[in-house]
Amino acid sequence: MIKILHVEDDADIREIAQLALGLSGDFEVVQSASGEEALFLVQAFVPDVLLLDVMMPGMTGRQTLERMRQIPALERTPAIFMTARAQNSEVEELRELGAAEVISKPFDPMLLGDQIKAALKAYAET
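Residues numbered from 1 in each chain as written. Predicted model: local features only at pLDDT ≥ 70, side-chain atom pairs only at ≥ 80, totals over all residues. Heavy atoms only, no water.

In the nomenclature of an unreviewed UniProt entry, the chain corresponds to Response regulator from the organism Pseudosulfitobacter pseudonitzschiae.

This is how it looks when you write it as structure tokens:
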């Protein structure tokens, strides 16, 4: 099982992702509505991959990743960002931050699990 921490402020998107990833049977998903909550959750749940919304109130996905990188157990955890603003310049910025993948919203729920697996495979090969 691939352990995912999904950080997303939109409850509908969290629900769609939970259903999509849960159906595959390959993922254990823990969800959080904010970066602050995610930082609390990782005290007890160490994910194999971080799935982060870019734009959230309070702490953004980028800020959340920066804070998580300060936690020894998460220093090298692959991060995948989800964004509605997937312009080339933003995608490049996120990759420079160490993003394994950038998934555009709206995403295809039927492909989400495969996208995450492909990103993890590519990340492992680097």
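A. A look at the sheet that holds strand β3 (residues 49-53). Taken in spatial order, the 5 strands make up an open sheet running β2-β1-β3-β4-β5, and their pairing is parallel. Only two strands of the sheet have a single neighbouring strand rather than two, namely β2 (27-32) and β5 (99-104). Shown here is a sheet whose adjacent strand axes are inclined to one another by a mean of 20°, direction ignored. Here β3 pairs with strand β4 (residues 79-83) via 4 bridges, running parallel. Directly across from aspartate 53, in β4, lies its bridge partner methionine 82. Sitting on the sheet, helix α1 (residues 11-24) touches β1 (2-7) and β2, and the angle it makes with β2 is about 170°. (Pairing = 2+ DSSP bridges. Helix = DSSP H or I, 4+ residues; strand = E, 2+ residues; numbered from the N terminus. Axes fitted to C-alpha atoms, helices over the stretch in contact; angles between N-to-C directions. Contact = heavy atoms within 4.5 Å.)

B. Expanded view of a negative patch on the surface. A cluster of like negative charges, contributed by Asp9, Asp10, Asp12 and Glu15, occupies part of the molecular surface. By the secondary structure assignment, aspartate 10 is in the loop between β1 and α1. Taking relative accessible area as the criterion, aspartate 10 reaches 32% and is therefore assigned partly exposed. (Patch = residues over 30% accessible without salt bridge, like charges linked within 9 Å, V, L, I, M, F, W, Y side chains within 5 Å. Areas by Shrake-Rupley, 256 points an atom, 1.4 Å probe, with all protein chains shown as cover. Salt bridge = Lys/Arg side-chain N within 4 Å of Asp/Glu carboxyl O. Lys, Arg positive; Asp, Glu negative; His and termini not counted. Charge placed at Lys NZ, Arg CZ, Asp CG, Glu CD. Buried < 20%, exposed > 50% of the residue type's maximum accessible area, 1.4 Å probe, protein only.)

C. The arrangement of helix α4 (residues 88-96) in detail. Buried within α4 we find Glu90, Val91 and Leu94. Axial view of α4: buried residues confined to an arc of 100°, hence all on one face. Exposed residues pointing more than 90 degrees away from the buried face of α4 are listed as Asn88 and Glu96. On the buried face of α4, the contacting elements are α3 (61-68), β4 and β5. Immediately downstream of α4, the backbone of glycine 98 shows phi near 105°, a positive value. (Arc of directions from axis to C-beta.)

D. Looking closely at the pattern of salt bridges. Counted by the stated rule, this structure contains 6 salt bridges. For lysine 105, the salt bridge is made with glutamate 8, and the minimal N-O distance between the two is 2.8 Å. One end of the pair, lysine 105, is in the loop between β5 and α5 (109-124); the other, glutamate 8, is in the loop between β1 and α1, and 97 residues separate them in sequence. Residue lysine 105 shares its accessibility class with glutamate 8, and that shared class is buried. In this structure, glutamate 90 engages arginine 62 in a salt bridge whose closest nitrogen and oxygen atoms are separated by 3.5 Å. Taken as a pair, glutamate 90 in helix α4 and arginine 62 in helix α3 lie far apart in primary sequence, 28 residues in all. With a relative accessible area of 5%, glutamate 90 lands in the buried category. Residues joined by salt bridges that share partners form a network here, namely Glu8, Asp53 and Lys105.

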